[in-house]
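# Structural characterization, general
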Amino acid sequence: MGDDSEWLKLPVDQKCEHKLWKARLSGYEEALKIFQKIKDEKSPEWSKYLGLIKKFVTDSNAVVQLKGLEAALVYVENAHVAGKTTGEVVSGVVSKVFNQPKAKAKELGIEICLMYVEIEKGESVQEELLKGLDNKNPKIIVACVETLRKALCEFGSKIISLKPIIKVLPKLFESRDKAVRDEAKLFAIEIYRWNRDAVKHTLQNINSVQLKELEEEWVKLPTGAPKPSRFLRSQQELEAKLEQQQSAGGDAEGGGDDGDEAPQIDAYELLEAVEILSKLPKDFYDKIEAKKWQERKEALEAVEVLVKNPKLEAGDYADLVKALKKVVGKDTNVMLVALAAKCLTGLAVGLRKKFGQYAGHVVPTILEKFKEKKPQVVQALQEAIDAIFLTTTLQNISEDVLAVMDNKNPTIKQQTSLFIARSFRHCTSSTLPKSLLKPFCAALLKHINDSAPEVRDAAFEALGTALKVVGEKTVNPFLADVDKLKLDKIKECSEKVELVHGKKSGLAAEKKESKPLPGRAVASGAAGDKDTKDVSGPKPGPLKKAPTAKAGGPPKKGKTTAPGGSASAGTKNKKGLETKEIVEPELSIEVCEEKASAVLPSTCIQLLDSSNWKERLACMEEFQKAVELMERTEMPCQALVKMLAKKPGWKETNFQVMQMKLHIVALIAQKGNFSKTSAQIVLDGLVDKIGDVKCGNNAKEAMTAIAEACQLPWTAEQVMSMAFSQKNPKNQSETLNWLSNAIKEFGFSELNVKAFISNVKTALAATNPAVRTSAITLLGVMYLYVGPSLRMIFEDEKPALLSQIDAEFQKMQGQSPPAPTRGISKHSTSGTDEGEDGDEPGDGGNDVVDLLPRIEISDKITSELVSKIGDKNWKIRKEGLDEVAGIINEAKFIQPNIGELPAALKGRLNDSNKILVQQTLNILQQLAVAMGPNIKQHVKNLGIPIITVLGDSKNNVRAAALATVNAWAEQTGMKEWLEGEDLSEELKKENPFLRQELLGWLAEKLPTIRSTPTDLILCVPHLYSCLEDRNGDVRKKAQDALPFFMMHLGYEKMAKATGKLKPTSKDQVLAMLEKAKANMPSKPAAPAKAMSKPVGGSAPAKAQPIPAPVEDSVSSTVEAKPDLKKAKAPGVSSKAKSAQGKKVPSKTTLKEDDDKSGPIFIIVPNGKEQRMRDEKGLKVLKWNFTTPRDEYIEQLKTQMSSCVAKWLQDEMFHSDFQHHNKALAVMVDHLESEKDGVISCLDLILKWLTLRFFDTNTSVLMKALEYLKLLFTLLSEEEYHLTENEASSFIPYLILKVGEPKDVIRKDVRAILNRMCLVYPASKMFPFIMEGTKSKNSKQRAECLEELGCLIESYGMNVCQPTPGKALKEIAIHIGDRDNAVRNAALNTIVTVYNVHGDQVFKLIGNLSEKDMSMLEERIKRSAKRPSAVPVKQAEEKPQRTQNINSNANMLRKGPSEDMSSKLNQARSMSGHPEAAQMVRREFQLDLDEIENDNGTVRCEMPELVQHKLDDIFEPVLIPEPKIRAVSPHFDDMHSNTASTINFIISQVASGDINTSIQALTQIDEVLRQEDKAEAMSGHIDQFLIATFMQLRLIYSTHMADEKLDKDEIIKLYSCIIGNMISLFQIESLAREASTGVLKDLMHGLITLMLDSRIEDLEEGQQLIRSVNLLVVKVLEKSDQTNIFSALLVLLQDSLLATANSPKFSELVMKCLWRMVRLLPDTINSINLDRILLDIHIFMKVFPKEKLKQCKSEFPIRTLKTLLHTLCKLKGPKILDHLTMIDNKNESELEAHLCRMMKHSMDQTGSKSDKETEKGASRIDEKSKVKGNDFLAEIFKKIGSKENTKEGLAELYEYKKKYSDTDIEPFLKNSSQFFQSYVERGLRVIEMERESKGRIPTSTGISPQMEVTCVPTPTSTVSSLGNTNGEEVGPSVYLERLKILRQRCGLDNTKQDDRPPLTSLLSKPTIPPPVASSTDMLHSKLSQLRESREQHQHSDLDSNQTHSAGAMTSSSTTNIDDLKKRLERIKSSRK
């Protein structure tokens, strides 16, 4: 019993694992009850059992196992975490449950599997069950099959993937076990329900008896599509809906299409491809040519056997196809023709899309062979051509088919029409666009009038099929002239047609369509007109009745179509009207009179032909009134116009009557349903009168009205042919003028240019100049819409005429076609009929090129030429290629049939001779242009091989291939390339060149297309392998292409495709997908695409009603119109490009002209940042080009559209330079008033200005440079700093202009470069200018070298990038330049360096040739003789600037260089103030420190100069007043110098020289200790900390190891650093500026220092370590808490990873973290929790719990737990809301950990925390109660406790201060000596801390005079202190300045004497000795420092020096003796 009672006490989860079966049984039962009680699926309780569920199902005891299975089922059903157990549990069920004898166990096992499927884990379940099929135990196999069957039956084939199942099915049928075979049979029947073809095909080869049984069962199955009976969790709502529908008695149609969505597996996919080419008989090609037909038959039979394989492997079948084609075309034995046709069928079926490339060759041959009469042959040919059609598209073979349609042989015509009919059946309304249908309909219409009845019937069938596929409204326009009988026959055929795509596009779709309201736009093109009739008819009725709704008269028909037809369906009105008016017959004059008399007054009709003109006029007036009052429906238009045409008709002699008559015609056309029949009656008369002076305008008005009623294209065609069939030139010229105007009003859409181009040519040849002029004007208007390609049509005109045409075209350039104003109301589109709209303009676009005659060149491609191209000798091959190029050149435009050429050229693409490959590529480029869009049919056989060439190792070959591919793609579009597997096969090849080029190309093309074929998904696996390619470029290109693939395929498909990757790869790829998802651009929008087509005249009209159709990734849209431009850019052909930019600013400019008042730059929040992100993410082109291409200009336009005023943008991008000048003038005017706007658009402004640099107009350039000068001045005033993006897209182009031939431009550019240094670091400018020295332009080289010299002179050597050595070597190369100016500039630059660095320059420049070196030495000698006022160049060009230092160590290098700008400023301003220059003494120009330190180089002339001038110093100094004024400007410059001074000093902190470093630190300490000055350090904190820890590293690694160095020096340096740091971290505002990275490095440095054993050996080492301790505490408390937390976590992670670090290091880091944790309750609200949790997440990823547990120390895991526990305690459940920055948080160990913690804390409820707060409150109360000794006892307890020791010491210090007489001895005496010294030391440290704080306001120790000079005024106040407005600077200020100058010249300022010396003020006796000594030491350096700072200057008067020296001088320290001594010392050292 002992045992029993023992397990009874255990918790449930432990019982479940107990070794006693009873315990487990009890555990499972209890668990089952618990599971049933838990209501919340996300309850943490579930997680407890996560690891136990597998044990539940695999229990060894059968009874217990049953209970376990029950519990497991409930768990899986209800727990949200159950999915994690899928794999292990299902495999447990398979191996341990399915073999159980108990049926109940098996049932439960199956239920569990199905439940896993329900909770969306179907794939894992299926995988485990399929593994179970390999088990040897038949019981298990049976159960697995049964489970799969049930899953399929219940969930359907959408969830249970059939593909892997079908593959293993045949094996099950072969099993020895009957039960397995029976179950397999049931399974096969179930699969057949879901996918008939796939399973049939797979089981063809099983036992015939089994197959027969199966087939019998299959027959019994119902034919309807099966529906799933059980749904996934995510689909449960759908299930509920379905039940509702069924209970409501509905027919459950809603779910009907769900079944359709289940992916039907194509049996073809399941088959293994067979390779047959190698299996062909070796003598096949000989035999197939044999003379004996038996041998040929043998060869064909061998092929026939091979092609019976249902799936063939891709390969090069060109030769085989060629051989078979030859047999089909040429063989005389019809039996062999049939056999060859069968072989072709087999190939087409086995290869599918891969056969597409050969289709074009074979189709014409087969069609022509239909002349054979034998049914056996005809049938074989039909099967072949049908199979081939499925491998290609109708578009690709349309040319070949249409060519055969004109054949004289009736059988060929009949079979071709039948083939077309069969092909149409496979099409849908989208794959059979109007542009394709039009030529087919035209050809078929000829056939319906053929004499042979079989030809007619075939044509009717084809047309009927077309009608069924695309609907009446699309086909009717092509059937305009077909009589009613034939039309009915076509409709009859249409009703009989069964479409391949099923009723989906026919009945079902229409049924669904007809349900909504009648006004709904029809979505299905296939439903077309039938749909609308169905809707408007009285009752839905069966569809067959719809077409019989007869079209009697126009009014009736109009009514029926109105509700759902023309306008509302979004069709163009033209189609509605044409269908409407087609049938109006011409009425006889009697009928017309009868109809007219019904609506007109009787007198009116009688007086029509009166001989009195007045009566006729009165009659017309009545006529007009009557027409005006008539209703549209009542107006018999034809009758009325016939009345008007009645005698005298158009021969009317009185012009008033005639005008009236013409006006009435216009009225009738406007108000009535005016048909083309009516129009034909009047047009002739109108054309006759158009040239009449008095009536011409009325005639034009009437014609316009008719054009509006009957569409312009038709009207224009009629009018033009009438005008040119008569001789009157006036009529001809006016007709042309009318047409020009009409095109502008109606747009160019659908105009049949072909129809009247011949008339235009006639007009151009006319003798009358007016006709010629009108024709040229018309061409100009057409040019607006068509673009440059229009000129090609007229290239053969006379040169004089051509030049006139060119002049007209020139005029039109830059103009945009006006938006159509007429025909819009009727054209309004709702964008539904996209298939049509998309293709319509395309049709027009090709039209222009189609006007040119295309030449047939196939006869020139002879077999000799083809064999030449394939010759062994490369020279002959080249000859062949040259010939081909000649043929194409000569023909210009060719027809698509080019015979054997494709195969021949394909062979040359892999020619061993690369020159021939390039030549072939050039020919293919020519071919694309010459053939135009028809090149599509060659994409597969020629285009894809071009892509293969992209893998060539030679750069130029790849470039040529890319250009060729682009030329092809421009003609074909992308669809053809992306269809099929060809592209994925190319990407599969592991050729890095091929991959990177191909991916780059796809990344460029994919964003420009609206939709892609589904085959694009085939490329994705290869794209993923490219993401992990060894080659970096491939990886980069793959990453760039990723978002564009996702744009078309969607994230889901892409993520699903990662399923087959290895787990590690999968994670990486998924992370990239997530990233790409965020950057995924949106697809180009539809309307804009239509607009991009060149001839889409109606496009602008279409575009206007759409508010903001395009959401582009480039920028947030502000206006709709610029947006349209934006989306238009992609996919525009080169022809379109010129017209493209002109489309939009048409009408708007009129309105907006008035309104130019608003801001010109609109501030878009984060607009600039977004643009930079886009450019960085390569969503837009990088601004990098040699000359700007159109796409760059378009892109800039697009980006500007949202943030630049529309009217200004029009000026900026106008083609005329004067508009650019206007734009610049406006920008100059608005510069001051719109500073923020200018800065927010600065990147765009600079980019636009770079475009202006490429203009040839000097005035624009001058204006642009003027603007830039003002702009950079403004930016420096605003303290703006150029971003990298702005700089890199502007500076290189500015530097190009420095080489301009005009002096004035060069000067301006140099001025701008100088000003740029104020807004962009000189060190970053340097590389750009250095790049400019490589230019071919010698002027540019010279100017750039001079500028480099100026930069070095101004900013010192630090400006040289990447290193001074490399930079100078580059510069020195130019000493040998051919150009004298360049040589001089290079020499001068190096001399400048020499002046700064002496002989060191020779080391830096490396080896020069003897000649160059002698030139350099000569130049250096010459420069030495000059007086040394060298740097007085470019005065006033570089005012001072400040620089915000970013937190990266790289900026440190710039520190000193930036400071040197003060020297430059001084040098430049000197030239502006000559008297100032004169009074600067020679002594003060010497850099004494440098001379003193520099023992290496001798400068003999310097001591002489000093000697010479020295006596002047002893003379009394009398400074006259004016000179003081002259000084003042420099003095004021001081304020702006603060930042550069600080930069300079900070850079010295990291100096290798200890003294330099100490001096710099002293200066900084001085600033930090004064409250009013400490702010100057703001913005420099990171820079300072970087310098400091670099110095710490230097000491640690170099100085400490140096035996020669005095260790006291090192201690001093350490003391300075720590003193400085403590000062810094006491100022909270500054401390918080330190960034994470810098804090991490700083903490690393400090902890390393604390652990440095060498320090402990030193005398003051212990004290130093204590100071560091104190500093660390300060850093932890005062830094930005988020940053320090992050820094410590990263540091801990690094230290645990690094084996080199001692464990002590990690321990100290963790102690810091504990300290931070203790501070958390106070800081929790100020920290960024999200960031900290992200850092913890990363830490836990690197160190999962298991790994941490393996650490030697338990500290890391304890630290982590403590931190997380504290965070949970403080934030509660809200902590889980702060995981936003973590990707895939569900997989994060952190989240799970937090959840567990939350669970525990929830269990202990909130009461605990309440108690704690009470406790805390009571603690405070107690503290206040404790008095005297009790209080002290409390304090000492704290000091003794580890956690509160610091707090205790602080309290003790406060207590002692308050009660100074308190005796603490009694408390100390019982303690150890160590504790006593610890307390004393702690108190001393606190005292020192407080002292340093307390000293800030009091002990500055600086006289008021000096404070004036050393306040580092923030630069924002510069302007107010600038001495320009005199009232602000009083005489007292001048007095102070005078005192300082006197003092610096060694004269006494008496009033200062009563001040104590600075050092005495600073050293206080209270400070403990060790620290005091270090602080004293800091200040004792002041006098030396003052000297060094003073001598470091070129000039005594530089404000910067005034600041630094003034801050550290006291009157007594400077005297002349000291100077003299030092000079003597220098002289002696030189001797």
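Residues numbered from 1 in each chain as written. Predicted model: local features only at pLDDT ≥ 70, side-chain atom pairs only at ≥ 80, totals over all residues. Heavy atoms only, no water.

## Thoughts on the packing of helix α40 (residues 712–725) against helix α41 (residues 729–746)
Our working rule: Whenever a helix is involved, its axis is fitted only over the stretch in contact; in every case the axis is a line through C-alpha atoms, and angles between N-to-C directions fall within 0 to 180 degrees. Where helices and strands are cited, they refer to DSSP runs of H or I of at least four residues and of E of at least two residues respectively, numbered from the N terminus. Working rule for angles: under 35 degrees goes down as roughly parallel, over 145 as roughly antiparallel, 65 to 115 as roughly perpendicular, anything else as oblique. Contacts: residue pairs with any heavy atoms within 4.5 Å of one another. Polar here means any residue outside two lists: the nonpolar Ala, Val, Leu, Ile, Met, Phe, Trp, Tyr, Cys and Pro, and the charged Asp, Glu, Lys and Arg; Gly therefore counts as polar.
Following both chains from N to C, one finds α40 and α41 inclined at 170°, their axes separated by 10 Å at the closest point. Overall, the two elements α40 and α41 adopt an arrangement that is roughly antiparallel. From α40, L712, T715, A716, V719, M720, A723 and F724 reach across to α41, where they touch Q732, T735, L736, W738, L739, A742, I743 and F746. Counted by class, the contact of α40 with α41 contains 12 nonpolar, 3 polar and no charged residues.

## Considering the packing of aromatic side chains
Where we set the bar: Ring pairs are drawn from Phe, Tyr and Trp, using the six-membered ring of Trp, whenever the two centres fall within 6.5 Å, and their geometry is named by plane angle: stacked under 30 degrees, edge-to-face over 60, tilted for the rest. Burial here depends on accessible area, computed with a 1.4 Å probe over protein chains only, as a share of the maximum for the residue type. Under 20% is buried, over 50% is exposed, and the range in between is partly exposed. Here, over-ring charges are defined by two tests on the NZ atom of lysine or the CZ atom of arginine: distance to the ring centre within 6 Å, and angle to the ring normal within 35 degrees.
All told, the structure shown has 25 aromatic pairs when counted by the stated rule. Judged by centre distance (5.4 Å) and plane angle (40°), the rings of F1739 and F1743 are tilted. No difference in accessibility class separates F1739 from F1743, as the two residues are buried. A cation over an aromatic ring shows up here: K694 above the ring of F655, its NZ or CZ 4.4 Å from the ring centre. Between K1077 and the ring centre of Y1051, over which it is positioned, the NZ or CZ distance is 4.3 Å.

## Topic: the nonpolar core
For clarity, the cut-off: Buried Ala, Val, Leu, Ile, Met, Phe, Trp, Tyr and Cys residues form a nonpolar core when they are joined through side-chain atoms within 4.5 Å.
Counting residues in each nonpolar core, the largest one holds 99 residues, and the members touching the most others are M1577, F1625 and I1736. If one sorts the elements of this core by residue count, helix α90 (residues 1607–1626) sits on top with 11 residues. Beyond its immediate sequence surroundings of up to four residues, M1577 is in contact with I1542, I1546, I1564, V1567, L1568, F1584 and L1630. Grouped together as the second largest cluster of nonpolar side chains are 92 residues, F1161, A1367, L1408 and L1416 included.

## Re helix α24 (residues 410–426)
The following threshold applies: The span you would expect from a helix comes to 1.5 Å times its residue count less one.
The end-to-end C-alpha separation of α24 is 25 Å, in line with the 24 Å expected for 17 residues at 1.5 Å each. Of all 17 residues in α24, 14 are buried; the element is thus mostly enclosed.

## Points about helix α22 (residues 375–389)
Under the 1.5 Å per step criterion, the end-to-end length of α22 is 21 Å for 15 residues, consistent within 8% with the ideal 21 Å. Of the positions making up α22, those classed as buried are V377, V378, A380, L381, A384, I385, A387, I388 and F389. Buried residues along α22 sit in contact with α19 (318–330), α20 (334–351), α21 (356–369), α23 (394–405) and α24.

## A word on the pattern of salt bridges
Put simply, the test is: We define a salt bridge as a side-chain nitrogen of Lys or Arg found within 4 Å of a carboxyl oxygen belonging to Asp or Glu.
Taken as a whole, this structure holds 77 salt bridges when the rule is applied. Close ionic contact of D911 with R908 constitutes a salt bridge, the shortest N to O distance being 2.7 Å. Comparing D911 with R908 shows no difference in burial state: the two are buried. A salt bridge links K1168 to E1286; the nearest nitrogen and oxygen atoms lie 2.7 Å apart. With a gap of 118 residues between them, K1168 in helix α65 (residues 1167–1176) and E1286 in helix α72 (residues 1284–1288) connect regions that are remote in the sequence. Of the residues examined, K1168 reaches a relative accessible area of 8% and is grouped as buried.

## Some details on the confidence of the model for the protein chain
Rules: The predictor attaches a confidence to each residue, called pLDDT, with possible values from 0 through 100.
For the protein chain, per-residue confidence averages 75 on the pLDDT scale, and residues scoring 70 or more make up 75% of the total. Predicted confidence in the protein chain is weakest over helix α61 (residues 1099–1103), with a mean pLDDT of 36, and strongest over α20, with 92. Across residues 1807–1826, confidence stays below pLDDT 50; counting only partners more than four residues off in sequence or on other chains, it has 6 contacts. Every residue in residues 1896–1928 is under pLDDT 50, and counting partners more than four places away or in other chains gives 65 contacts.

## Considering unusual backbone geometry
Here the residue pair Q1361 and P1362 is connected by a cis peptide bond, since its omega of -5° sits within 30 degrees of zero. Looking at the element boundaries, P1362 is found in the loop between α76 (1338–1355) and α77 (1364–1373). In this structure, R352 is a non-glycine residue whose phi angle is positive, near 50°. Inspection of the secondary structure assignment puts R352 in the loop between α20 and α21. Exposure remark for R352: the relative accessible area of 34% places this residue in the partly exposed category. We note that E1279 has phi near 55°; this positive angle belongs to a residue other than glycine. Mapped onto the secondary structure, E1279 falls in the loop between α71 (1258–1277) and α72.

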